[in-house]
Amino acid sequence: MDTSKTALVIGANGGIGREACSALRRHGWKVRALVRRPPADSQRNGIEWRVGDAMNADDVRQAAAGVAVIVHAVNPPGYRGWNRLVLPMLDHTIAAARAHGARVVLPGTIYNYGPDAFPRLTERSPQHPPTRKGEIRAEMERRLQAAAAEGVSSLVLRCGDFFGPHAGNNWLAQGLIRQGAPVRRMLYPGDYGLGHSWAYLPDVAEVMARLLDRDAELPPFATFHFGGYWLDGHGMLAALRHATDNPGIRAGHFPWWLARLAAPFNETLRELTKMRYLWREPIRLDDEKLQAFLDGPLYTPLDEALRATLTGAGCLAPVNRSAYAGS
C-alpha cells in the first residue's frame with residue numbers, strides 16, 4: 001500500500017480533528033484516526049480508525065506506522081488536566097514522528113502571547129505568556145522547533161478562537177450564545193469596541209491541507225498565522241443578527257463575576273478566568289505570510305460560516321434543500 005499520502009489525526013473526535021480528517025480526504029490523503037472511542041458512523045466515513053490513547057506512547061507510535069503527517073489535534077477536554085497531560089501527549093507525537101519520518105502539524109493558539117505582543121501578532125512576535133496555560137503552549141512549540149533541528153519537521157498553524165458546526169468547546173457557542181435555542185442575546189466577553197480574531201474550523205482544516213499539499217516547499221519548522229475574521233463586539237452582534245435574520249438580538253456581557261464565583265469548584269471555569277486577559281485588549285493575527293504563500297481565497301463568507309455554526313449548535317433549523325428541488 002502507498003503510504004506516502006497517509007495522515008494520522010490524533011484527536012479526530014474533536015472539532016479541529018474532525019475537520020482535518022475531512023479536509024485531508026478531500027485533498028487525496030488516506031486518513032487514519034487515533035481515538036479512545038470511534039464514532040458511531042466509523043464504518044462508513046472512509047477513515048481507518050485506531051483505538052488508543054494519546055497518553056500511551058506505544059499506541060501513538062503503532063498508529064503512526066507508515067504515515068507522512070501526524071496532526072496533533074488532541075487536547076484535554078474543558079481545560080482539565082493541562083499541567084499533567086498536554087506536554088506528555090506532544091512528546092509521544094514527536095517520538096512517533098521521529099520513528100516514522102512524519103511531519104507534525106499543530107493547530108496553534110494565541111495563548112502563547114502576552115500584552116507586550118498585542119495587538120497585531122505576526123510569526124515573529126515575542127512569546128511571553130502571562131499564564132501557565134500559555135507557558136505550556138509556548139513550550140510545545142519550543143519542543144517542536146528543537147525536534148525540527150534534529151530532523152523531525154513540523155507545521156504550526158496559529159488561529160484565533162475557533163467556531164464551526166462541530167467545534168466542541170468554543171467561545172461562540174458556549175459563551176456568546178446559548179446552544180440549542182434561538183439566539184436572543186449575545187454575551188460578549190470584552191468591551192464591545194475591542195476587536196478579536198475568530199477562526200472557522202472548516203477553513204482552518206482546508207488551509208492546513210493546502211499547506212501540506214506544498215510540503216516540499218515548507219521549512220523544517222514552519223509557522224503561519226490564520227487571520228480568519230477580525231470582529232469587535234459590535235461587528236459580531238451585527239453578523240449574528242444578519243445570519244439569524246433577527247435584528248432583535250440583544251447586546252449583553254459575559255458574566256465574568258459568576259465564572260470567578262464558581263471557579264474554586266469547577267476546573268474548567270477556573271482555567272477560563274485565567275484567560276480573561278485575551279479579552280481586555282484587541283488581538284489580531286496577521287496573515288500576510290499565509291496570504292502570500294497560498295493563492296486564492298482562504299476564508300468562507302462570514303454569514304455562511306455563522307449560519308453553519310448556528311445550525312450545528314441547534315440555534316437555527318437546518319435548511320431543507322429538498323424543498324427547492326425542481327423549483
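This is a predicted model, so every value here is computed, not measured.

Colleague: What is the right way to read the overall build of the protein from this model?
Modeller: Across its full length, the protein holds eleven helices and 14 strands. The C-alpha atoms of the protein give 20 Å as radius of gyration, which agrees with the globular expectation for 327 residues (20 Å, within 12%). Principal axes of the C-alpha set define a box for the protein whose edges measure 55 × 55 × 40 Å. Counting all 327 residues of the protein, 53% fall into the buried class. Intrachain contacts of the protein at a sequence separation of at least 6 include 75% that bridge at least 24 residues. When the accessible surface of the protein is totalled, it reaches about 14900 Å², and 50% of it is carbon and sulfur. Mean positive and mean negative side-chain charge positions of the protein (39 and 32 charges, respectively) differ by 6 Å.

Colleague: I tried to follow empty space enclosed by the protein on my own but got confused; where do I start?
Modeller: The gaps left among the atoms become clear once a water-sized probe is rolled over them. Scanning the entire structure with this criterion turns up one cavity of 30 Å³ or more. For the largest cavity, the calculated volume is near 40 Å³. Contributing to the lining of the largest cavity are Tyr188, Gly190, Asp191, Leu194, Gly195, His196, Leu278, Trp279 and Glu281. Here the residues of the lining of the largest cavity sort into four nonpolar, three polar and two charged.

Colleague: What is the right way to look at unusual backbone geometry in this model?
Modeller: Both trends apply: most residues other than glycine have a negative phi, and most peptide bonds are in trans. In this chain, phenylalanine 118 is followed by proline 119 through a cis amide linkage whose omega measures 5 degrees. Relative to the assigned elements, proline 119 resides in the loop between strand E5 (103-108) and strand E6 (120-121). Located in the positive-phi region is aspartate 245, a residue other than glycine, with phi close to 55 degrees. Inspection of the secondary structure assignment puts aspartate 245 in the loop between helix H7 (233-244) and strand E13 (250-253). A residue is classified by how much of its surface remains accessible, and aspartate 245, at 66% relative accessible area, is exposed.

Colleague: I tried to follow the confidence of the model for the protein on my own but got confused; where do I start?
Modeller: Detailed conclusions should not be drawn from predicted coordinates in areas where pLDDT is low. On average, the protein scores 92 in pLDDT, and the residues at 70 or more come to 94%. Segment residues 321-327 is flagged for pLDDT under 50; beyond a separation of four residues in sequence, or across chains, it makes one contact in the model.

Colleague: So what exactly am I meant to see when it comes to the sheet that holds strand E11 (residues 221-225) here?
Modeller: Think of a sheet as strands paired side by side through backbone hydrogen bonds, with each pair either parallel or antiparallel. Taken together, the seven strands give an open sheet; going across it, the order is E3-E2-E1-E4-E5-E7-E11, and neighbouring strands pair in parallel fashion. Single-partner strands in this sheet number two, and they are strand E3 (48-51) and E11. On average, each strand axis in the sheet is tilted by 20 degrees relative to the strand beside it, whichever way the strands run. Both strand E2 (residues 30-35) and E3 contribute to a ladder of four bridges, which runs parallel. Its bridge partner being in E3, leucine 34 is matched across the sheet by arginine 50. Together, strand E1 (6-10), E2, strand E4 (69-72) and E5 form the strand contacts of helix H1 (residues 15-26), whose direction differs from that of E1 by roughly 170 degrees. Those strands touched by helix H3 (residues 82-100) are E1, E4 and E5, and its axis lies near 175 degrees from that of E4.

Colleague: Teacher, can you tell me more about the packing of H7 against helix H11 (residues 302-312) here?
Modeller: How two helices pack is summed up by the angle between their axes together with the distance between the axes. Contact geometry of H7 with H11 gives a least axis separation of 9 Å together with a crossing angle of 70 degrees. In terms of their interaxial angle, H7 and H11 are classed as roughly perpendicular. For the pair formed by H7 and H11, the contact residues are Met236, Ala239, Leu240, His242, Ala243 and Thr244 on the first element and Leu302, Asp303, Leu306, Arg307 and Leu310 on the second. A per-class count over the contact of H7 with H11 returns seven nonpolar, two polar and two charged.

Colleague: Explanation requested: the sheet that holds strand E8 (residues 161-163) in the structure shown.
Modeller: Spatially, the three strands line up as an open sheet ordered E8-E10-E12, and their pairing is mixed. One side of each edge strand has no neighbouring strand; the edge strands of this open sheet are E8 and strand E12 (229-231). For this sheet, the mean inter-axis angle between neighbouring strands, taken without regard to orientation, is 35 degrees. Against the sheet, helix H6 (residues 201-213) touches E8, strand E10 (196-200) and E12, its axis set at about 75 degrees to E10.

Colleague: For this particular structure, what's the right way to read the pairing of E11?
Modeller: The side chains of a regular strand alternate, first on one face of the sheet and then on the other. Of all five residues that make up E11, four are buried, and the element is covered over most of its length. In the sheet, strand E7 (residues 154-158) pairs with E11 via five bridges, with the strands oriented parallel. Across the sheet, the residue bridging to leucine 157 is phenylalanine 224, located in E11.

Colleague: Mind showing me how you'd approach the side chain of threonine 109 here?
Modeller: Looking at the element boundaries, threonine 109 is found in the loop between E5 and E6. Since its relative accessible area comes to 13%, threonine 109 is described here as buried. Polar contacts involving the side chain of threonine 109 include one to the main-chain amide nitrogen of tyrosine 111, which spans 3.1 Å. Excluding residues within four positions of it along the chain, threonine 109 makes contact with Arg137, Arg158 and Cys159.

Colleague: Explanation requested: the pattern of salt bridges in the structure shown.
Modeller: In a structure, side chains of opposite charge can pair up when their charged atoms sit close to one another. If you walk through the whole model with that rule in mind, you get 17 salt bridges. Between arginine 26 and glutamate 206 there is a salt bridge, with its nearest N and O atoms 2.9 Å apart. With arginine 26 in helix H1 and glutamate 206 in helix H6, this residue pair connects regions lying 180 residues apart in the sequence. Since its relative accessible area comes to 55%, arginine 26 is described here as exposed. Residues participating in the shared-partner salt-bridge network are Asp91, Glu139, Arg142 and Arg143.

Reading the values: rules and limits
Residues numbered from 1 in each chain as written. Predicted model: local features only at pLDDT ≥ 70, side-chain atom pairs only at ≥ 80, totals over all residues. Heavy atoms only, no water. Helix = DSSP H or I, 4+ residues; strand = E, 2+ residues; numbered from the N terminus. Rg over C-alpha atoms; globule rule 2.2 N^0.38 Å. Buried < 20%, exposed > 50% of the residue type's maximum accessible area, 1.4 Å probe, protein only. Contact = heavy atoms within 4.5 Å. Areas by Shrake-Rupley, 256 points an atom, 1.4 Å probe, with all protein chains shown as cover. Lys, Arg positive; Asp, Glu negative; His and termini not counted. Charge placed at Lys NZ, Arg CZ, Asp CG, Glu CD. 1 Å grid on protein atoms, 1.4 Å probe; cavity = no way out; pocket = protein on both sides within 12 Å on 5 of 7 lines; lining within 4 Å. Points joined across faces, edges and corners; volume = space filled by probe spheres on them. Nonpolar A, V, L, I, M, F, W, Y, C, P; charged D, E, K, R; others polar. pLDDT = per-residue confidence, 0-100. Pairing = 2+ DSSP bridges. Axes fitted to C-alpha atoms, helices over the stretch in contact; angles between N-to-C directions. Parallel < 35°, antiparallel > 145°, perpendicular 65-115°, else oblique. Polar contact = N/O pair within 3.5 Å; in protein donor to acceptor, adjacent residues only side chain to side chain. Salt bridge = Lys/Arg side-chain N within 4 Å of Asp/Glu carboxyl O.

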